[in-house]
Amino acid sequence: MHQIKSNIYSKYTFFILLCLCTVVSCKKENAAIEVSVDAYFIAVDKITETMIHDIFSPPVASRIYMYPNVAAYEIMAQNNKKYSSLSTKIKSLESIPEAPKDVNLKVAALVAYIDVSKELIFKDNIVTTYADSLFTSWKKTNATEFTASKAYGLKVANRIKDWLHKDNYKETRSFVGYEVTTDNPSRWQPTPPAYMDGIEPHWNKIRTMVLDSAAQFKPKRHPEFSMEPNSAFYKELQEVYTVTNKIRKNGDTTEEVAIARFWDCNPYVSTSKGHLMIATKKITPGAHWMGITKIACKQHKLDFTAAVHANTITSIGIFDAFISCWDEKYRSNLIRPETLINNTIDKEWTPLLQTPPFPEYTSGHSVVSGASATILTHLFGDNFSFKDDTELPFGLPSRKFTSFNAAANEAAISRLYGGIHYRAAIDNGVVQGQNVGKHIIDNLKLTN
């Protein structure tokens, strides 16, 4: 009898446990989908990885970072007491459709981010693989919530894609390229080893986000071109030659060499091996500053919405900074130090860094760094100490900085150490970028 009761009890207990497990399982399957801020950062990293693989130019890369972030931000800013829509600040941007109540905004934001990203890159297998893993997990957690959220995210993405295709990018693909002439000794010429044509000579025709025009913050004019030994221009040329020779004399382990290589960020570096030209793939200056933005967000332990906000404002600053810089580059069309030094001082001289394929003035890294540091200082405060490990994947050690401005100043001077820019392009470039950054801060007051 006891044995019979035990068996009945065991079967009854098993039945209760089975029911409880079923209930827990059902609750788990229908639980609200949780999306961590790390899921967003991984999505950004996947875009960076894809851009490195596809070798996008620095200006084009800034476009790829910016539009997906805007899509994600607009979704997260809906009915948010702290953040307001960009559509009230950017004239060309219309407001997005309102999200239904059954939508998980974080899921929708990442769906939109990924979908817009895929519109802007060549090969999307890296991004798609990550997206598939996310979507599978979300669907398993709560199929109803995921389906509604994905549908809304794609709806917003389509709205953003319609908007981005009106920024004149497609039109500039068919414009006439940079015309090389030798009638003016100050005019930029293609540089070794690949002697590539000038990159994106019409980038100033791309629609700006916050700037009134590409020429709104024209930098101070560089010293008048002159090969007279006592002229300001020639002294800057001589400085490049003297500084780089001194660095070489002291060896590859100097601080100047470390700084130059850390901030190289040239996606066009190529090496000749016999009849082959092999490319060394690297991140762009914009990608480096997006990496710093991620570091700041993590260090400050920002939540999903705040992190998207910080990345969106920074990416807009980088985007407009490149338009401003490229407007000046092809207006002044200034010759690079490498060309002049080889032609007039030392035909055997080579810069520590490979000269990128576009005119010299102003320094792109200086402008973008000035803008990014200004925006990040506004977001996270001055004297924000951090360790920049952005270049670790490329075999370079991390570097520590006491502030974003300190990092920007180091990025700027790296161009002199690398032998690819004159002093004026560096100093005036930082100011140009700071002006762009301040303008964006003043006009994109998105926090309440």
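Position numbers for residues count from 1 along each chain, tracking the sequence in the order it is written. Selection of residues for local features in this predicted model requires a pLDDT of at least 70, selection of side-chain atom pairs for listing and counting requires 80 or more, and totals for whole chains, interfaces and linings are taken over all residues. Side-chain numbers come from the whole structure's heavy atoms, not from hydrogens or water.

1. Considerations on the UniProt feature "domain: Phosphatidic acid phosphatase type 2/haloperoxidase" (unreviewed entry) in the protein chain
Quick note on the threshold: UniProt positions are given in the numbering used here, feature names are shortened, and annotations may be inferred rather than shown by experiment. Counting from the N terminus, the helices are the DSSP runs of H or I reaching at least four residues and the strands are the DSSP runs of E reaching at least two.
Here the UniProt feature "domain: Phosphatidic acid phosphatase type 2/haloperoxidase" (unreviewed entry) sits at residues 323-433. Along residues 323-433, the helical share is 54% and the strand share 5%, with 11 Å between the first and last C-alpha atoms.

2. What to know about the pattern of salt bridges
Cut-off, in case you're wondering: For salt bridges, the criterion is a side-chain nitrogen of Lys or Arg within 4 Å of an Asp or Glu carboxyl oxygen.
Counting across every chain of the model gives 13 salt bridges. In this structure, the salt-bridge partner of Asp38 is Lys298, at a minimum N-O distance of 2.5 Å. One end of the pair, Asp38, is in helix H2 (residues 37-54); the other, Lys298, is in helix H10 (residues 285-299), and 260 residues separate them in sequence. Taking the shortest distance from any N to any O, the salt bridge between Arg399 and Glu410 comes out at 2.8 Å. One end of the pair, Arg399, is in strand S4 (residues 399-401); the other, Glu410, is in helix H14 (residues 404-417), with 11 residues separating them in the sequence.

3. Considering the side chain of Glu328
What counts is decided by this rule: The criterion used for residue contact is that any of the two residues' heavy atoms lie within 4.5 Å.
Mapped onto the elements of the fold, Glu328 is located in helix H11 (residues 304-332). If we skip the residues at most four places from it in the chain, Glu328 touches Pro219, Asn333, Tyr361, Thr362 and Gln432.

4. A closer look at the environment of Glu338
Positionally, Glu338 belongs in helix H12 (residues 337-344). Remark: the alpha-carbon pair of Glu338 and Pro192, spanning 146 residues in sequence, is separated by 8.8 Å. When near neighbours in sequence (up to four residues on either side) are disregarded, Glu338 contacts Thr191, Pro192, Trp349, Pro351 and Thr355.

5. Topic: the environment of Phe386
Counted only if it meets this: Burial status follows relative accessibility: with a 1.4 Å probe on protein chains alone, a residue under 20% of its type maximum counts as buried, one over 50% as exposed, and anything between as partly exposed.
Looking at where Phe386 falls in the secondary structure, it is placed in strand S3 (residues 386-388). Classification of Phe386 by relative accessible area gives buried; the value is 4%. With residues up to four places along the chain from it excluded, the contact list for Phe386 reads Ile292, Ile295, Gln299, Arg399, Lys400, Phe401, Ser403, Phe404 and Ala407.

6. Let's talk about the packing of aromatic side chains
When we look at a pair of aromatic rings, we describe it by the centre distance and by the angle of the planes. The condition that has to hold: Any two of the Phe, Tyr and Trp rings considered here, Trp counted by its six-membered ring, make a pair once their centres fall within 6.5 Å; the pair's planes then place it as stacked at under 30 degrees, edge-to-face at over 60, or tilted in between. Distance and angle both matter: a charge sits over a ring if NZ of Lys or CZ of Arg is within 6 Å of the ring centre and within 35 degrees of the ring normal.
For the structure on display, the rule yields 26 aromatic pairs. Arranged with centres 5.6 Å apart and planes meeting at 50 degrees, the rings of Tyr40 and Phe41 form a pair that is tilted. Ring centres 6.4 Å apart and planes at 85 degrees place the aromatic pair Tyr73 and Tyr83 in the edge-to-face group. Taken together, the residues Tyr73 in helix H3 (residues 58-76) and Tyr83 in the loop between H3 and helix H4 (105-120) connect sequence positions 10 residues apart. Assigned by exposure class, Tyr73 and Tyr83 land together as buried. Grouping aromatic residues by their ring pairs yields a cluster made of Phe262, Trp263, Trp289, Phe380, Phe384, Phe386, Phe401 and Phe404. Positioned over the ring face of Tyr169 is Arg173, at 4.0 Å from the centre of the ring.

7. What about the packing of H3 against H10?
Definition in use: In this description, a line fitted to the C-alpha atoms serves as the axis of each element, helices being fitted only across the stretch in contact, and the angle between N-to-C directions of two axes falls anywhere from 0 to 180 degrees. For classification purposes, an angle smaller than 35 degrees is called roughly parallel, one larger than 145 roughly antiparallel, one from 65 to 115 roughly perpendicular, and anything else oblique.
In the contact formed by H3 and H10, the axes pass within 8 Å of each other and the chain directions differ by 40 degrees. The angle between H3 and H10 places the two elements in the oblique class. From H3, Pro58, Tyr65 and Asn69 reach across to H10, where they touch Pro285, Gly286, Ala287 and Met290.

8. Overview of the side chain of Ser117
If you trace the backbone, Ser117 turns up in helix H4. Under the relative-accessibility criterion, Ser117 is labelled buried at 0%. Those residues in contact with Ser117, other than ones at most four positions away along the chain, are Ile47 and Pro68.

9. Focus on H2
As a reminder, the rule being used: Working rule for helices: expected span equals 1.5 Å times residues minus one.
The end-to-end C-alpha distance of H2 is 26 Å, a good match for the 26 Å that 18 residues give at a rise of 1.5 Å each. Those residues of H2 that sit buried are Val37, Ala39, Tyr40, Phe41, Ala43, Val44, Ile47, Thr48, Thr50, Met51, Ile52 and Asp54. Those residues of H2 hidden inside the fold are in contact with H3, H4, helix H5 (125-141), H10 and H11.

10. A word on unusual backbone geometry
In this chain, Pro192 is followed by Pro193 through a cis amide linkage whose omega measures 5 degrees. For Pro193, the position within the fold is in the loop between helix H7 (169-172) and helix H8 (232-250). At the junction of Tyr361 and Thr362, the peptide bond is cis and its omega measures out at -5 degrees in the coordinates. Relative to the helices and strands, Thr362 is located in the loop between H12 and helix H13 (364-380). In this model, Cys265 sits at a positive phi of 50 degrees, which is unusual for a non-glycine residue. Within the fold, Cys265 resides in the loop between helix H9 (255-262) and strand S1 (270-273). A relative accessible area of 5% places Cys265 in the buried class.

11. Points about H13
Compared with the 24 Å implied by 1.5 Å per residue over 17 residues, the 24 Å span of H13 between its first and last C-alpha is a close match. Positioned one or two residues after H13, Gly381 has a phi angle of 95 degrees, which is positive.

12. What about the packing of H4 against H5?
As a reminder, the rule being used: By definition, any crossing whose near helix is turned counterclockwise from its far helix by less than a right angle is left-handed, and any crossing with a clockwise turn is right-handed. Three classes are used, and their members are as follows: Ala, Val, Leu, Ile, Met, Phe, Trp, Tyr, Cys and Pro are nonpolar, Asp, Glu, Lys and Arg are charged, and the others, Gly among them, are polar.
Here H4 crosses H5 at 160 degrees, and the two axes come no closer than 11 Å. The orientation of H4 with respect to H5, classified from their angle, is roughly antiparallel. Here H4 runs over H5; the crossing is left-handed. On H5, the residues touching Val107, Leu110, Val111, Ile114 and Lys118 of H4 are Val127, Thr128, Ala131, Leu134, Phe135 and Trp138. Tallied by class, the residues present in the contact of H4 with H5 amount to nine nonpolar, one polar and one charged.

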